[in-house]
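Notes for the structure review
Single-letter residue listing:
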Amino acid sequence: MIASHLVGFEPVIGLEIHARLLTDTKIFCGCSTRFGHAPNTSVCPVCLGFPGALPVLNRRAVDFAAKAALALKCTVHERSIFARKNYFYPDLPKGYQISQYELPLATAGTLEFGAGGAARVVRITRVHMEEDAGKSLHEGFPDSSRNTYLDYNRSGVPLVEIVTRPDIRSSEEAYDYLTRLKEILEYLDVCDGNMEEGSLRCDANVSIRLKGAEKFGTRTELKNINSFRFVRKAIDFELNRQIEVLESGGRIVQETRLWNSDEERTVSMRSKEEAHDYRYFPDPDLPLLVLDEEWLSGIHKSMIELPEARRRRFIEAYATSDYDAGVLTMTRALAEFFDEAARLSGQPKAAANWIMGDLLRFFKDANLDMKDLSASPVTPKMLADMILLVEKGTISGKIAKTVMEEMYKTGKAPAAIVEEKGLVQISNSGELEAIVDNVMTQHADAVAQFRSGKQGSLGFLVGQVMKATQGRANPQTVNELLRKRLAG
Ligand SMILES: [Zn+2]
């Protein structure tokens, strides 16, 4: 919630996102990057910073970082430099972090978000690669009040840091930016986007200025925002705090502040006076990173269609509504599922309705991961086949619901289910006539009502015929037959 007195102020926000790259091994050694291994079991002399151990760059990490940079419309540079960022902290056994400073991997990109006329563009300053640090464990041990434990499994896990210009104007926009960024990284399969596990970390530079002012106010840097929910809360808290300081005649101090999610407030961590001087210099153990033309064009070729482009295509090629296109592109797996079912059936609207109406509910009930639908018993081909059975009149729309459930339960093809269960629609007039006559005899009162002008009775009678055929009658034919008989 933003204080009402924000009216006279304008928030100025820039974000720094650290995204963990989904490589199997670390950035400078062969240790596993898997999350959740027993502490200090995925380590070696390189990632533990033993003297004399030499780093060797992981080619896949470069590919992933370059893909992310291209998706953010950055210029990926042919040459970039790895540098040492020097500081001491117990979770950093080398005493420096290998990062990029001068000549980063990529610069000058943009990310667009928000649909329609409200589209916003955030400029990206740079995308650079670096290694992650280890982890200090301050909680969860019997002697946690006295000791801190260290787990070095994370040290050397590859990261990209994505830095924006201060183009964001509200906590809402920060949230939207992060949502789009996460979506892109997930589509590219370069980051799993899991904020709770630390795969995506967000630092925010926050300041305010009077509306219309050119000059930026003094900013604070917010760290430790470790869930999507907290992005908005932390920024709003900080904006309100800064306004209160200014309105009470105080001055904003340039400092780093930590978001405390238990107390839902930011607290001062260190002021600028205590800020680190990292004394960056090129890492003498690592040569210049050169991405030659062939390498870069290979990465270009491996780029897939990104979520925004896919949404636009669905709207244009399939006449999907804005809302549906948004839902159907939530994950790449879902978008590909819909795309294939729409293409195979030639009926995108029906495919969208079945996916959004029935399949998504099944998936949710079964706890299926929407990023990976390979475990889904229903395939796009099966869905398309079922849609075609309805289209051809082999089964009614009502029966299709039953077929859908059976497909989901058994994984059998729709045609097999229809045959096994005898679900073929009865369109044969002769067969239906007998049933219609029977229903008319049983419900003589409804027939009389219709004949005395109560049109609504027709619906009731159609319903009775459908019931008598367990939904297998062709409603169109039933309607026609009934009208003819009732008129007679
Ligand atoms: Zn290692």
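Just above sits the structure.
Here's a quick rundown of the structure. Numbering of residues begins from 1 in every chain and follows the order in which that chain's sequence is written. Totals for whole chains, interfaces and linings use every residue, but because this is a predicted model, local features are given only for residues with pLDDT of at least 70 and side-chain atom pairs only at 80 or more, for both listing and counting. Values reported for side chains reflect all heavy atoms of the structure, with hydrogen atoms and water molecules removed beforehand.

We now examine the pattern of salt bridges. By convention in these notes, a salt bridge is any Lys or Arg side-chain nitrogen within 4 Å of a carboxyl oxygen on Asp or Glu. Overall, the coordinates contain 36 salt bridges when judged by the stated rule. A salt bridge links glutamate 183 to arginine 180; the nearest nitrogen and oxygen atoms lie 3.2 Å apart. Of this pair, glutamate 183 and arginine 180 are both found in helix α2 (residues 171-188), three residues apart, which corresponds to roughly one turn of the helix. Of the charged contacts, one joins arginine 485 and glutamate 433 as a salt bridge, the two residues approaching to 3.9 Å between their closest N and O atoms. On the criterion of sequence distance, the pair formed by arginine 485 in helix α15 (residues 475-487) and glutamate 433 in helix α12 (residues 429-442) is long-range, its members being 52 residues apart. Remark: exposure states derive from per-residue accessible area (1.4 Å probe, protein chains only) relative to the maximum for the residue type, with buried under 20%, exposed over 50%, and partly exposed in between. Judged by relative accessible area, arginine 485 falls into the partly exposed class, the value being 31%. Among the residues examined, glutamate 433 registers a relative accessible area of 30% and is labelled partly exposed. Through salt bridges with shared partners, a single network forms among Glu305, Arg310, Arg313, Arg332, Glu336 and Asp339. Every helix listed is a DSSP run of H or I at least four residues long, and every strand listed is a run of E at least two residues long, numbered separately from the N terminus.

So, about the coordination of the zinc ion. Coordinating donors are taken to be N, O and S atoms lying within 2.8 Å of the metal, or within 3.2 Å when the metal is Na, K or Ca; because water is excluded from the atom set, some sites may appear incomplete. The protein atoms donating to the zinc ion are Cys29 (SG), Cys31 (SG), Cys44 (SG) and Cys47 (SG), with metal-donor distances spanning 2.3 to 2.4 Å. Every donor counted, the four donor atoms about the zinc ion form angles of 101 to 114° at the centre, which fits tetrahedral coordination. Between consecutive donors of the zinc ion, the numbers of intervening residues give the motif C-x1-C-x12-C-x2-C. Taken together, the positions of cysteine 31 in the loop between β1 (9-20) and α1 (59-71) and cysteine 47 in the loop between β1 and α1 put the pair 16 residues apart, joining distant regions of the chain. Considered together, cysteine 31 and cysteine 47 belong to a single accessibility category, that of buried residues. Note on geometry labels: four donors, all angles 85 to 135 degrees, give tetrahedral; four donors become square planar and six octahedral when opposite donors are over 155 degrees apart and every other angle is between 65 and 115; remaining cases are irregular.

Below, the discussion takes up a negative patch on the surface. A cluster of acidic side chains, namely Glu78, Asp292, Glu293 and Glu294, defines a negative patch on the protein surface. Relative to the elements of secondary structure, glutamate 293 occurs in helix α4 (residues 293-301). Residues forming no salt bridge and having over 30% relative accessible area are the ones grouped into patches, like charges within 9 Å of each other and nonpolar side chains (Val, Leu, Ile, Met, Phe, Trp, Tyr) within 5 Å. Accessible surface is estimated by sampling points in the Shrake-Rupley manner with a 1.4 Å probe; for residues, cover comes only from the protein chains shown. Charge assignment in this entry is limited to Lys and Arg as positive and Asp and Glu as negative, and neither His nor the chain termini are counted. Where a charge lies is defined by one atom per residue type, namely NZ (Lys), CZ (Arg), CG (Asp) and CD (Glu).

Working definition: a ring pair exists when centres of Phe, Tyr or Trp rings (six-membered ring for Trp) sit within 6.5 Å. Plane angles under 30 degrees give stacked, over 60 give edge-to-face, the rest tilted. Going through the model one piece at a time under the given rule, you end up with 13 aromatic pairs. Their ring planes at 5° and their centres at 3.7 Å tell us that tyrosine 101 and tyrosine 280 sit as a pair that is stacked. Here tyrosine 280 lies in the loop between β14 (265-271) and β15 (281-282) and tyrosine 101 lies in the loop between β5 (96-99) and β6 (106-113), a separation of 179 residues in the sequence. Overall, tyrosine 101 belongs to the partly exposed group, its relative accessible area being 42%. Its relative accessible area of 26% is what places tyrosine 280 among the partly exposed residues. Through pairs of rings, three or more aromatic residues link up here, namely Tyr87, Tyr101, Tyr278 and Tyr280. We note arginine 59 situated over the ring of tryptophan 295; from NZ or CZ to the ring centre the distance is 4.1 Å. Both a distance and an angle decide whether a charge sits over a ring: NZ of Lys or CZ of Arg must be within 6 Å of the ring centre and within 35 degrees of the ring normal. Here the basic side chain of arginine 232 rests over the ring of tyrosine 175, its NZ or CZ set 3.8 Å away from the ring centre.

The subject of this paragraph is the nonpolar core. One finds Tyr177 and Leu291 to be the most contacted residues of the largest nonpolar core, which totals 71 residues. At nine residues, the largest contribution of residues to this core is made by α1. We call two residues contacting when some pair of their heavy atoms lies within 4.5 Å. The contact partners of leucine 291, leaving out residues within four places of it in the chain, are Val62, Ala66, Val76, His77, Glu78, Leu105, Leu296 and Ile299. Only buried residues count toward a nonpolar core, which is a set of Ala, Val, Leu, Ile, Met, Phe, Trp, Tyr and Cys residues joined through side-chain atoms within 4.5 Å. One finds Ala325, Leu360, Phe362 and Met370 within the second-largest nonpolar core, a separate group that totals 41 residues.

In this section: the environment of proline 45. For proline 45, the location among the structural elements is in the loop between β1 and α1. Residue class for proline 45 comes out partly exposed when judged on its relative accessible area of 41%. Those residues in contact with proline 45 that lie beyond four places of it in its chain are Phe50 and Ala53.

Turning to the packing of helix α13 (residues 444-451) against helix α14 (residues 457-468), a few remarks are in order. Inter-axis angles, ranging from 0 to 180 degrees, are taken between N-to-C directions of lines fitted to C-alpha atoms, where helices are fitted over the stretch in contact. Their axes nearest at 9 Å, the elements α13 and α14 cross at an angle of 145°. Crossing hand, α13 versus α14: left-handed. Where α13 approaches α14, its residues Ala446, Val447, Gln449 and Phe450 are matched on the opposing element by Ser457, Leu458, Phe460 and Leu461. Under this grouping Gly is polar, as are all residues other than the nonpolar Ala, Val, Leu, Ile, Met, Phe, Trp, Tyr, Cys and Pro and the charged Asp, Glu, Lys and Arg. Split into classes, the residues belonging to the contact of α13 with α14 amount to six nonpolar, two polar and no charged. Crossing handedness is defined as follows: a turn of the near helix away from the far one that is anticlockwise and smaller than a right angle gives a left-handed crossing, while the clockwise case is right-handed.

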